[in-house]
Amino acid sequence: MAYGIAPLLDGGIDGRGQSVVLPELAVTAPASGPKVTDIRQDLADFDSRFGLPPAQIQVITSPAGSSASQWLAGTEEVVDTEMVHAVAPDAAVRVLLEDPADVSTPAQIAAAYGAFVRMAAGQGNVISLSGGYGEHFFTSAQSASINAALQYAAAQHVTFVASSGDGGAISDLGRFGSTTPVTEVSLPASDPLVLAVGGTSLTANPATGAYISETALNSLPTEIDGHSEASGGGFSHLFASPAYQQGVPGAGAMRGVPDVAGDGSATTGLAFVFATTGAAYTLQSEGGTSAAAPFWAGLIALADQDAGHALGFVNPAIYQIARSPLSHEAFHDITTGNNTVTVNGATITGYHAGPGWDPVTGWGTPDAQVLIPLLAH
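Fair warning: this is a prediction, and the values are worked out from it, not measured in the lab.

*Asks:* Sorry, what's going on with the overall build of the protein chain here?
*Replies:* When helices and strands are counted, the protein chain shows nine helices and 20 strands. Counting across all 377 residues of the protein chain, residues that qualify as buried make up 55%. A fraction of 78% describes how many contacts in the protein chain between residues 6 or more apart in sequence connect residues 24 or more apart. Total accessible area on the protein chain is roughly 14000 Å²; 55% of this is exposed by carbon and sulfur atoms.

Dropping the structure here:
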């Protein structure tokens, strides 16, 4: 209710005829593992709890090899799938499984991104990726190869959505042995052809779900694995400011991230169902921008249906709406909070949310009943 999706669903804008493609890592742990489930059973329980139609899910194992388990899934895959299904219940969800061994270095990741985007562009009209890596891990040639794949997707009228990350103003530590925090944004969210999604913490009426307020996602002062978590945001070191960001107050000479945001709080976040095989199913709250990205992918599927065709690269339209007199009707402008984080007790100063676009929550979160018709038409 808080994001105005229910009126669209009631009016028949439910994602029918659309397909959302999700890249996910194949599960290699046994079915009895603590974070492994049968995604079909989770979805069935999720649908039963929320009165949703059966999910139209297809799992494609060919990228991961014939030995990949089709239905075993980890938490990330379950969250991505259920978020899309909740927002666009009649859209098809296609999961492309990747072998974790094939994405263990930046070079492999860049190659996998390119191959995935090209394959996914033939499977659906929206692609959602919940993840990314700091820009400094990639060479200019590798980032260019990712951009070339995204150009191909845009030419096929496919929308690519990616989370901005949960590291706040820095890239995640521990990746590829990194121990020093680097102030930067992550790929692929920083690519100008991507709709980058940041995170917020939503306050809604517990009885009606009506929107009350929102602030930027930030777990301070809590430290998780040595650092706090916050909405990823800042400015690219690789990509200049795209045309749609030029002249936007707060934006600079380089590509700013994110573009938009969604609830990513571990306390107030979007609900999902997850259980290990044979265990009781529980309703949980998922935090982070990895939940906000598939949420936006579902919204784009609704807009595609409403438009009667795939909208493809939506960033210019998003910015046009956000800079119009209808901005405050289409978006909840997040004006409080920041993405400053702590790393092993040290403070890494980030950016502040404020009126209009900002490098923490972008233009803010949607009022879908206003935004989706505007985006579609």
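More follows now that the structure is in view.
*Asks:* Looking at this structure, how should I read the packing of helix α2 (residues 39-50) against helix α3 (residues 75-87)?
*Replies:* A packed helix pair is summarised by two numbers, namely the angle formed by the two axes and the spacing between the axes. In the contact formed by α2 and α3, the axes pass within 11 Å of each other and the chain directions differ by 35°. When the axes of α2 and α3 are compared, the crossing they make is right-handed. Contacts between α2 and α3 involve I39, D42, L43, F46 and D47 from the former and E77, V78, T81, E82, H85 and A86 from the latter. Residues that form the contact of α2 with α3 fall into these classes: five nonpolar, two polar and four charged.

*Asks:* Just to check I follow, could you spell out unusual backbone geometry for this structure?
*Replies:* Most peptide bonds adopt trans geometry, and most residues besides glycine take a negative phi value. For the bond running from L187 to P188, omega is 5°, close enough to zero to count as cis. Along the chain, P188 turns up in the loop between β9 (186-187) and β10 (195-204). In this model, V257 is joined to P258 through a cis peptide bond whose omega is 0°. By secondary structure assignment, the location of P258 is in the loop between β13 (254-257) and β14 (260-263). In this structure, H157 takes a positive phi of about 60° despite not being glycine. Mapped onto the elements of the fold, H157 is located in the loop between α5 (140-155) and β8 (159-163). Note on H157: relative accessible area 48%, which makes it partly exposed. Of note in this structure, N344 is not a glycine but carries a positive phi near 50°. Mapping N344 onto the fold places it in the loop between β18 (341-343) and β19 (346-348).

*Asks:* I'm lost on the nonpolar core in this one. Help?
*Replies:* Nonpolar side chains in soluble globular proteins tend to end up buried together. Formed by 55 residues in total, the largest nonpolar core has its most connected members in W296, L299, L302, I318 and F331. With eleven residues, the top contributor of residues to this core is helix α6 (residues 289-307). Those residues in contact with L299 that lie beyond four places of it in its chain are I5, V87, P366, A368 and I372. Residues Y133, V158, F160 and V194 belong to the second largest nonpolar core, which totals 31 residues.

*Asks:* Which parts of the structure should I look at to understand the pattern of salt bridges?
*Replies:* Charged atoms that come close allow side chains of opposite charge to pair. Scanning the model with the defined rule gives four salt bridges in all. For D14, the salt bridge goes to R16, with nearest N and O atoms at 2.5 Å. For R49, the salt bridge is made with D45, and the minimal N-O distance between the two is 2.5 Å. Of this pair, R49 and D45 both sit in helix α2, separated by four residues, roughly a single helical turn.

About the criteria used
- Residues numbered from 1 in each chain as written.
- Predicted model: local features only at pLDDT ≥ 70, side-chain atom pairs only at ≥ 80, totals over all residues.
- Heavy atoms only, no water.
- Helix = DSSP H or I, 4+ residues; strand = E, 2+ residues; numbered from the N terminus.
- Buried < 20%, exposed > 50% of the residue type's maximum accessible area, 1.4 Å probe, protein only.
- Contact = heavy atoms within 4.5 Å.
- Areas by Shrake-Rupley, 256 points an atom, 1.4 Å probe, with all protein chains shown as cover.
- Axes fitted to C-alpha atoms, helices over the stretch in contact; angles between N-to-C directions.
- Left-handed = near helix turned anticlockwise from the far one by under 90°.
- Nonpolar A, V, L, I, M, F, W, Y, C, P; charged D, E, K, R; others polar.
- Core = buried A, V, L, I, M, F, W, Y, C linked by side-chain atoms within 4.5 Å.
- Salt bridge = Lys/Arg side-chain N within 4 Å of Asp/Glu carboxyl O.

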